[in-house]
Amino acid sequence: MTGTLTCDVAVIGAGTAGLAAERAARSNGARTLLIDPEYNGTTCANVGCMPSKLLIAASHAAHAARSTAMFGIEVGKVRVDGAAVMQRVRDERDRFARLTRESIADIPEHVRLIGRARFTAPDRLELDDGRTIDARAIVIATGSAPSIPDGYSNLGDRLLTNDNIFELEELPARLAVIGSGPIGLELAQAMARLGVKVSLFDRGARLGGIRCDRVHAALRSEIEADMDLHLGVDVEADGKAESVGLAWSGRSSGEADFDYILVATGRPPNLESLDLRAAGLELDDQGVPRHDRETMRCGESAIFLAGDVANDMPLLHEASHGGAIAGRNAVACPVTIKTDRFTPFSITFTSPPVARIGKSEEDGLVTGTADFSDQGRARVEGINQGVLTLYAAAPDGRLIGADLFTPGSEHLAHMLTWAIQQGQTATQFLEMPYYHPTLEEGLKQALRTICAATPIELPQDQDRGEPAGT
Ligand SMILES: Cc1cc2nc3c(=O)[nH]c(=O)nc-3n(C[C@H](O)[C@H](O)[C@H](O)COP(=O)(O)OP(=O)(O)OC[C@H]3O[C@@H](n4cnc5c(N)ncnc54)[C@H](O)[C@@H]3O)c2cc1C
Ligand SMILES: NC(=O)c1ccc[n+]([C@@H]2O[C@H](COP(=O)([O-])OP(=O)(O)OC[C@H]3O[C@@H](n4cnc5c(N)ncnc54)[C@H](O)[C@@H]3O)[C@@H](O)[C@H]2O)c1
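Everything numeric here is computed off the predicted structure, so don't read it as measured data. (Residues numbered from 1 in each chain as written. Chains lettered and ligands numbered in written order. Predicted model: local features only at pLDDT ≥ 70, side-chain atom pairs only at ≥ 80, totals over all residues. Heavy atoms only, no water.)

**Thoughts on helix α7 (residues 316–332)**
Stated formally: Put simply, DSSP marks the helices as runs of H or I at least four residues long and the strands as runs of E at least two long, and each gets a number from the N terminus on. Helix span, as expected, comes to 1.5 Å for every residue beyond the first. The buried label applies to any residue whose accessible area, calculated with a 1.4 Å probe on protein chains only, is under 20% of its type's maximum; exposed applies above 50%, and partly exposed to all values in between. In this analysis, two residues are considered to be in contact whenever any of their non-hydrogen atoms come within 4.5 Å of each other.
Look at α7: 25 Å from first C-alpha to last across 17 residues, which is about the 24 Å you get at 1.5 Å a residue. Buried within α7 we find Glu318, Ala319, His321, Gly322, Gly323, Ile325, Ala326, Gly327, Asn329, Ala330 and Val331. Residues of α7 that are buried sit in contact with β1 (4–12), α1 (16–27), β6 (132–140) and β15 (303–305).

Below is the structure:
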């Protein structure tokens, strides 16, 4: 096919970010073209957020069924039907993906182009079927994909990533997980609690991305209760007929056979096929175009990024926000419309979840901690474990960040993130009502510690202005 199409804004990639960018551009009056090779729904619905949370939900059910004895309730031996677990994951996943595809089908037909795009000039794209697109502005929203480290690529169908693990017909007996970032932690714990014998490996000395020592220690002990954990190791894989042999060395060493190996070692942005040299953009040391997060614009060009491809906050709510920002700015280009970005926060859905918000101890002068081992409501429910640390700025105790590994932390993290984004101090947060008995009450201890430490004492050599008359 040949021919040249023209538009105001071309969006490459119909995932969460690209769909948001196209919507924003079209609703701001632009003639848009959206390009995707498959229109198969989003990464989130097909192979990301939703199937992983479905597997985790099954693991919660299994864990809860095994944990009833403390309440005096006997349920007998818990049997996990692996085929039924995986079938529900796929059935519900397929429903989410179908709904996404249906909403894509509502986009006017002339907007949707099927194909894979690459740059031939800063304002020109070529599709793999030969068509050319001339656009006033272009949004790149091509997402990210699993990285497969050297030495793992020849393991055939024994090698799993998030792209194919949800297609397993049965739960494996033995699973090795390489990488303890959010994907590795979530899926390793879910599989372990569904009865799979799991070993988790990471070349780093810490479970991925955890910055607070107390939170790390609490998470580590919970993870070690569920599986073999090997941090600070290099792992070599050897493909066999019906299994994979792993040998690891470093902080620990050993060898073992597994039925499958799940590689969760990061998801680099999908940039290779775009021929970015032709776009004339300045790239960072990861090969990602330099861009302004408040506009998503790449330098002074008419090219914008949105979603995982920007390689800064590869999370769903950021993909959606970044898409809207990029789409709006693509229409306005060369005028820029700056948008404040959200307070950064992420939640890893382990049990209990790990949440990381804003800045950390290194940036804050005041910290407050709380331990949930004796927290009232957590004890009532038999989930009394975990810790949290809050970070605040001096001198007023303004909250700036937090690390949590506590029951209910996905909800506590939202409250805290909203308070931080609104610039609240620990005192203001503590002035709010706290219902009893709730997990929210568990925040009070940490907030009080911060209040007691602020305002920061003036140095002794400065006038305090009191008491009067001296
Ligand atoms: C297992 C897993 C669990 C996750 N869980 C969570 C979670 O719980 N919470 C959370 O916030 N985030 C989670 N994430 C992250 C979240 O899924 C991503 O941040 C989000 O889906 C990224 O959206 P996107 O639009 O950037 O990419 P995508 O949805 O991947 O869209 C990219 C699109 O670009 C297309 N494309 C690629 N190259 C080209 C080309 N050359 N031409 C045209 N089209 C192209 C692709 O076909 C695709 O449709 C998870 C991710 C994974 C993998
Ligand atoms: N709940 C959520 O929000 C959620 C869930 C899943 C994924 N995600 C998103 O997906 C992104 C990708 O997740 P991820 O877990 O794949 O990546 P990641 O980059 O966060 O973690 C990868 C881990 O693999 C380790 N690693 C890398 N190479 C290795 C090797 N050769 N051998 C051993 N260990 C190695 C790293 O040290 C790191 O701990 C995340 O950044 C996150 O934004 C979010």
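**So, the packing of helix α5 (residues 182–193) against helix α6 (residues 213–226)**
Quick note on the threshold: An axis is simply a line fitted to the C-alpha atoms; with a helix, the fit covers only the stretch in contact. Between two such axes, the angle follows the N-to-C directions and lies from 0 to 180 degrees. Reported orientations rely on four angle classes, namely roughly parallel under 35 degrees, roughly antiparallel over 145, roughly perpendicular from 65 to 115, and oblique for the rest. Crossing handedness follows the turn of the near helix against the far one: under a right angle anticlockwise gives a left-handed crossing, and clockwise gives a right-handed one. Residues are grouped as follows: Ala, Val, Leu, Ile, Met, Phe, Trp, Tyr, Cys and Pro are nonpolar; Asp, Glu, Lys and Arg are charged; every other residue, Gly included, is polar.
At a minimum axis distance of 9 Å, the contact between α5 and α6 shows a crossing angle of 40°. When the axes of α5 and α6 are compared, the pair comes out oblique. In this structure, α5 crosses over α6, and the sense of that crossing is left-handed. Each of Leu185, Gln189, Ala192 and Arg193 in α5 lies in contact with α6, whose residues at this interface are Leu219, Glu222, Ile223 and Asp226. Taken together, the residues that form the contact of α5 with α6 break down as 4 nonpolar, 1 polar and 3 charged.

**Some words on the UniProt feature "domain: FAD/NAD(P)-binding" (unreviewed entry) in the chain**
For clarity, the cut-off: UniProt positions are given in the numbering used here, feature names are shortened, and annotations may be inferred rather than shown by experiment.
As annotated in UniProt, the feature "domain: FAD/NAD(P)-binding" (unreviewed entry) corresponds to residues 8–322 in the numbering used here. Regarding residues 8–322, the helix share stands at 29% and the strand share at 23%, and the terminal C-alpha atoms are separated by 19 Å.

**What to know about the UniProt feature "domain: Pyridine nucleotide-disulphide oxidoreductase dimerisation" (unreviewed entry) in the chain**
If you check UniProt for "domain: Pyridine nucleotide-disulphide oxidoreductase dimerisation" (unreviewed entry), the listed places come out as residues 346–446 in our numbering. With 27% helix and 29% strand, residues 346–446 has end C-alpha atoms that lie 20 Å from one another.

**Observations concerning unusual backbone geometry**
The omega angle of the peptide bond from Ala394 to Pro395 is 5°, so this bond is cis rather than trans. Position of Pro395 among the secondary structure elements: in the loop between β19 (387–393) and β20 (398–405). For the peptide bond that leads from His436 to Pro437, omega is -10°, which places it in the cis range. In this structure, Pro437 sits in the loop between α10 (426–430) and α11 (444–453).

**A word on the site of ligand 2**
This is how the line gets drawn: Consider each residue's heavy atoms; a residue with any of them within 4 Å of a molecule or strand counts as near. Side-chain atoms alone can form a polar contact between residues adjacent in sequence; in general such a contact is a pair of N or O atoms within 3.5 Å, and within protein one must be able to donate a hydrogen while the other accepts it. With residues, only the protein chains shown are counted as cover, and all accessible areas are computed by Shrake-Rupley using a 1.4 Å probe.
Lining the immediate environment of ligand 2, one finds 21 residues, of which Glu186, Asp202, Gly266, Pro314 and Ile347 sit closest. Interatomic distance of 3.1 Å between a backbone N/O atom of Ile183 and an oxygen atom of ligand 2. Contacts to ligand 2 include Gly266, whose backbone N or O atom sits 3.1 Å from an oxygen atom. Here ligand 2, which alone exposes 850 Å², has 75% of that area covered by the protein. Elements with a contribution of two residues or more to the shell around ligand 2: α5 and β16 (345–348).

**Examining the environment of Ile104**
Turning to its location among the elements, Ile104 is positioned in helix α4 (residues 82–105). When its relative accessible area of 3% is taken as the criterion, Ile104 is described as buried. Leave out the neighbours within four places in its chain, and Ile104 touches Ala14, Leu19, Tyr39, Gly41 and Arg112.

**Describing empty space enclosed by the protein**
Heads up, the rule is: For each structure, a 1 Å grid was placed over the protein atoms alone; sets of points admitting a 1.4 Å probe that cannot get out are labelled cavities, open sets with protein on both sides within 12 Å along at least five of seven lines are labelled pockets, and lining residues have an atom within 4 Å of a point. Grid points are joined across faces, edges and corners, and a volume is the space filled by probe spheres set on the points.
Taken as a whole and judged by the stated rule, the model has 2 cavities of 30 Å³ or more. Within this model, the largest cavity holds a volume of roughly 50 Å³. Among the residues forming the lining of the largest cavity, the class breakdown is 4 nonpolar, 1 polar and 5 charged. Reported here for the second largest cavity is a volume of approximately 30 Å³. Together, Ile56, Ser59, His60, Glu186, Gln189, Ala190, Arg193, Phe349, Thr350 and Ser351 line the second largest cavity.

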